[in-house]
Amino acid sequence: MSTSHTMKQRLKHNRPSLRQNARPPKQRTHLGNAFTAANLPVALALQHCSNCATVQYPPRELCRHCLQDTLLWRSTDTGGALVSRLELHNSLWEYFRRRIATAPWPIASVRLDCGVIVLAHLAPATFGAGITTEIPAATRVQVFSHTDCSLNAVLIAVDGQTAIATRAQRRAIADGLGLLEPAHKTGGI
Amino acid sequence: MKDYSGIALTAPISFGYAKQSPKGAAWFIGRTLQLMLARAGLGKDDVDGFAVSSFSLGTDSAITLTQNFEFSPRWIEQLPYGGASGILALRRAARAIQAGDASIVACIGGDGAAHRSFEATAANFSSFTIDASFPYGGGGPNAAFGLITQRYMDEFDARREDFGAIAVAQRYNANHYPPALLGHKTLSLEQYLSARPIAGPLHLFDCVMPCAGGEGFLMMSEDRARALGLPYCTILAAGELHNAHREDDIQLRGGWTEYANQLWAMAGLGPEDVDILQTYDDYPVISMMQMEDLGFCGKGEAPQWLKTTDLRFDGSGPQQHKLAHNTSGGQLSVGQAGAAAGYMSVVETIRQLTGDTEGNQVPGARHAMVSGFGMINYDRGLCSAATILARSDR
């Protein structure tokens, strides 16, 4: 391996801002990986306890209610109510920094009807809203998962009336947010 | 609950604040310990209890530090509780001394700030943050607190000016506290309002600056402190509750609501008797929640209450009601030195109550409420703690 090549590798690793392609955070725990796997075939899958029927998120090793090892990943109703929302103008992660350089990045917290609180990327366009804060708290929303370009499932919140029944519809929304493509830097390493 | 009588807090040290530092956490913790011992005229082997908090010890821990610093405590405690660490250390050390398990306990929070170390801490904070919050772009707790602040504003009709009142008054205090990293700059409400946005309603001066530093104090019996000729303060009450109100959609209150009355009763005081309030201020909204939940005003009333309350250490503001708040400038103006930030308010309060300050003395301070809040795991902070401290000769 040439010296310049090694140097490039090091820079790519240590200086994310120099990378040609920046992607969303790839790191997950094994439970996060299981979340991704469970969400591949359906719009939204969460851990359900087959002992006490509690639904939970973020994923855990055991049921948060009865502490039994009786968890199953099950397809879950996507409905919920908006708790809070905002636009990020700053991030520690290069992918988001590059996206934010174009436009602030909207996210939301949602209380799903199954009882859990989720943090999700927000698609304000589906609400017909220009500014994220114009969407009032308690607005009905739907939350589905989609695989991002780091190959992890991430959650996306859309208006309650948005059509998300088909894979193509969900993909179009994820694509619209820019989650399916890395953030490029011209002349990056 | 047994009271905390007979326990002294002394030898307050704030050490080595720097925006960035190549030194490791052990350097900040060890230097803080050395200065505490020098202040008290003690040697390493006089310390038989050691409580420590740090985010950046890496593979080291309280026990490896004992060999690192070559001393032999018979009681050790490591408290990974972020902004509640200092008060939790104080509670545990007080009980150890009362029980005779230790006689002199060094309580220290210290963290380094290597290049990009904050990013590493944020990316690996907990399993929930790794799987469910960091991937959504929020840097550390900014996103969670942006969401909380936005909801608080919606719910209680709070405006940015209301949060600004806290940040601006704290900067005034920092202007009189030489070690504050931002103390050399003034901050006006106009500057606060025109700062660049960070996350929704949070702008630059709503967010703390991560930095390096160490904070520590010694705990021992009052008799011992008197024998050593050390100025000290005492504990009137202390409490903690964690993961409280877990059914709430979003954090608009903390565990303080459940034990604040108990603390006031134990101390035989009310909010009106307090000369100093030190809240954990990683964002102004959580300071407001502490003011509300600890009984200084009602829920959702902090924005109104702040309009008539002067938070400056010297009471030089125009408002009628005076309450010195975050007298050194808080983390918003001093900097957030990792886990040391959880000890900062206790250390500053000991300085205030023993008259050991450098230009930011609250005149005639006798009683202080110190509050801690820590560990934003996913969508909310989990730890709450509070203590009421008093001058030894009150």
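Source: prediction; values computed, not measured.

A. Examining the overall build of chain B more closely. Check the secondary structure of chain B and you find 14 helices and 14 strands. Dimensions of chain B along its principal axes, counting C-alpha atoms only, are 55 × 45 × 40 Å. Across chain B, contacts joining residues at least 24 apart in sequence account for 77% of those joining residues at least 6 apart.

B. Representation of the nonpolar core. Core analysis: the biggest nonpolar cluster contains 185 residues, and Ala-120 and Val-143 of chain A together with Val-105, Cys-107 and Met-219 of chain B have the highest contact counts within it. Both domains that meet at this core, namely domain 1 (7-116 + 213-227) and domain 2 (132-209 + 233-391) of chain B, each give it at least three residues. Every residue in contact with Met-219 of chain B, bar those within four places of it in the chain, is listed here: Ile-7, Ala-8, Leu-9, Leu-90, Ala-93, Ala-94, Ile-97, Val-105 and Cys-107 of chain B.

C. Local environment of the environment of Pro-318 of chain B. Residue and element names in this part refer to chain B. Within the element layout of this structure, Pro-318 appears in the loop between strand 10 (309-310) and strand 11 (321-322). C-beta crowding within 10 Å serves as the criterion here: with 6 such atoms nearby, Pro-318 is assigned to the exposed category. For the pair formed by Pro-318 and Glu-119, sequence separation is 199 residues and the distance between their alpha carbons is 41 Å.

D. Highlighting the interface of chain A and chain B. Each partner contributes to the interface: chain A provides 34 residues, whereas chain B provides 31 residues. Of all elements in the fold, only helix 2 (30-39), strand 5 (79-88), strand 6 (105-112) and strand 7 (117-122) of chain A reach the threshold of two or more residues within the side of chain A that touches chain B. Sort the elements by how many residues they give to the side of chain A that touches chain B and strand 5 of chain A lands first, with six residues. Taken together, the residues that form the side of chain A that touches chain B break down as 19 nonpolar, 11 polar and four charged.

E. Seen up close, the domain arrangement of chain B. Residue and element names in this part refer to chain B. On domain assignment, one finds that chain B holds domain 1 (7-116 + 213-227) and domain 2 (132-209 + 233-391). The C-alpha-based centres of domain 1 and domain 2 are spaced at 23 Å. At the junction of the two partners, domain 1 supplies 34 residues and domain 2 supplies 36 residues. Elements supplying a minimum of two residues to the side of domain 1 that touches domain 2: strand 1 (7-18), helix 3 (85-99), strand 4 (105-111) and strand 7 (212-221). Element by element, the count of residues in the side of domain 1 that touches domain 2 is highest for strand 1, at eight residues. Its residues placed into classes, the side of domain 1 that touches domain 2 shows 15 nonpolar, 14 polar and five charged.

F. The arrangement of unusual backbone geometry in detail. Note that the residue after Tyr-57 of chain A, namely Pro-58 of chain A, is joined by a cis bond; omega there is -5 degrees. We note that Asn-326 of chain B has phi near 45 degrees; this positive angle belongs to a residue other than glycine. When the 27 C-beta atoms within 10 Å are taken as the criterion, Asn-326 of chain B is described as buried.

G. How the structure looks around the sheet that holds strand 4 (residues 71-75) of chain A. Ordered by their spatial adjacency, three strands build an open sheet running 3-2-4 (chain A), and the pairing between neighbours is antiparallel. Of all the strands in the sheet, just strand 3 (55-56) and strand 4 of chain A have a single pairing partner and so form its edges.

H. Up close: the packing of helix 3 of chain B against helix 14 (residues 341-354) of chain B. Residue and element names in this part refer to chain B. Packing of helix 3 against helix 14 brings their axes to within 6 Å, and their N-to-C directions diverge by 65 degrees. Contacts between helix 3 and helix 14 pair Ser-85, Gly-86, Ile-87 and Leu-90 from the former with Gly-342, Tyr-343, Ser-345 and Val-346 from the latter. Looking at the contact of helix 3 with helix 14 residue by residue, the classes come out as four nonpolar, four polar and no charged.

I. Summary view of the pairing of strand 7 of chain B. All names here are of chain B. Counting buried residues along strand 7, nine of its 10 residues qualify, which places the element largely inside the surrounding structure. In the sheet, strand 1 pairs with strand 7 via eight bridges, with the strands oriented antiparallel. In the strand pairing of strand 7, Ala-8 is matched with Met-220. Pairing analysis gives seven bridges linking strand 4 to strand 7, with the strands arranged antiparallel. The residue bridging Cys-107 from the neighbouring strand is Phe-217, located in strand 7.

J. Representation of the sheet that holds strand 2 (residues 49-53) of chain B within the structure. Residue and element names in this part refer to chain B. Read across the open sheet, the 10 strands follow the order 3-2-4-7-1-8-14-13-9-12; overall the sheet is mixed. The two strands at the open ends of the sheet, each matched to only one other strand, are strand 3 (75-78) and strand 12 (324-325). Where strand 2 lies against strand 3, four bridges are found, and the strand directions are parallel. From the neighbouring strand, Gly-49 faces strand 3, where its bridge partner is Trp-75. On top of the sheet, helix 3 reaches strand 1, strand 2, strand 3, strand 4, strand 7, strand 8 (233-242), strand 13 (367-377) and strand 14 (380-391); it is set at about 160 degrees to strand 4, its chief contact.

K. How the structure looks around the UniProt feature "domain: Thiolase C-terminal" (unreviewed entry) in chain B. Sequence positions flagged by UniProt for "domain: Thiolase C-terminal" (unreviewed entry) are, in local numbering, residues 244-376 of chain B. Counted over residues 244-376 of chain B, helix gives 32% and strand 14%. Its end C-alpha atoms are 13 Å apart.

L. Structural view of helix 1 (residues 25-40) of chain B. Residues and elements named next belong to chain B. For helix 1, spanning 16 residues, the distance from its first C-alpha to its last is 23 Å, which sits close to the expected 22 Å at 1.5 Å a residue. Along helix 1, the residues classified as buried are Ala-25, Ala-26, Phe-28, Ile-29, Thr-32, Leu-33, Met-36, Leu-37 and Ala-40. Looking straight down helix 1, one finds that the buried residues subtend no more than 165 degrees of arc, so they occupy a single side. Residues of helix 1 that are buried make contact with strand 1, strand 2, helix 2 (62-68), strand 4 and strand 7. At the exit of helix 1 stands Gly-41, carrying a positive phi of roughly 70 degrees.

The rules behind these values
Positions within a chain are numbered from 1, following the residues in the order the chain's sequence is written. A letter from A marks each chain and a number from 1 marks each ligand, given out in the order of writing. A pLDDT threshold of at least 70 governs which residues receive local features in this predicted model, and a stricter bar of 80 or more applies before side-chain atom pairs are shown or counted, although totals over entire chains, interfaces and linings include all residues. Helix numbers and strand numbers start at the N terminus; a helix is a DSSP run of H or I with at least 4 residues, a strand a run of E with at least 2. Residues are defined as contacting one another if the C-beta atoms placed from their backbone atoms lie within 7 Å. Buried Ala, Val, Leu, Ile, Met, Phe, Trp, Tyr and Cys residues form a nonpolar core when they are connected through C-beta atoms within 7 Å. Put simply, a residue is buried when 20 or more other C-beta atoms lie within 10 Å of its own C-beta and exposed when 12 or fewer do; between those, it is partly exposed, and each C-beta is set from the backbone. Domain boundaries shown here were taken from an automatic or database domain assignment. Three residue categories are used. Nonpolar comprises Ala, Val, Leu, Ile, Met, Phe, Trp, Tyr, Cys and Pro, charged comprises Asp, Glu, Lys and Arg, and polar comprises the others, including Gly. By definition, two strands form a pair when at least two bridges between them are found by DSSP. Every axis corresponds to a line fitted to the C-alpha atoms, with the helix fit spanning only the stretch in contact, and the corresponding angles, defined between N-to-C directions, vary from 0 to 180 degrees. UniProt positions are given in the numbering used here, feature names are shortened, and annotations may be inferred rather than shown by experiment. Multiplying 1.5 Å by the residue count of a helix minus one yields the expected span of that helix. Picture the helix axis, draw a direction to every C-beta atom, and the arc is the one those directions span.

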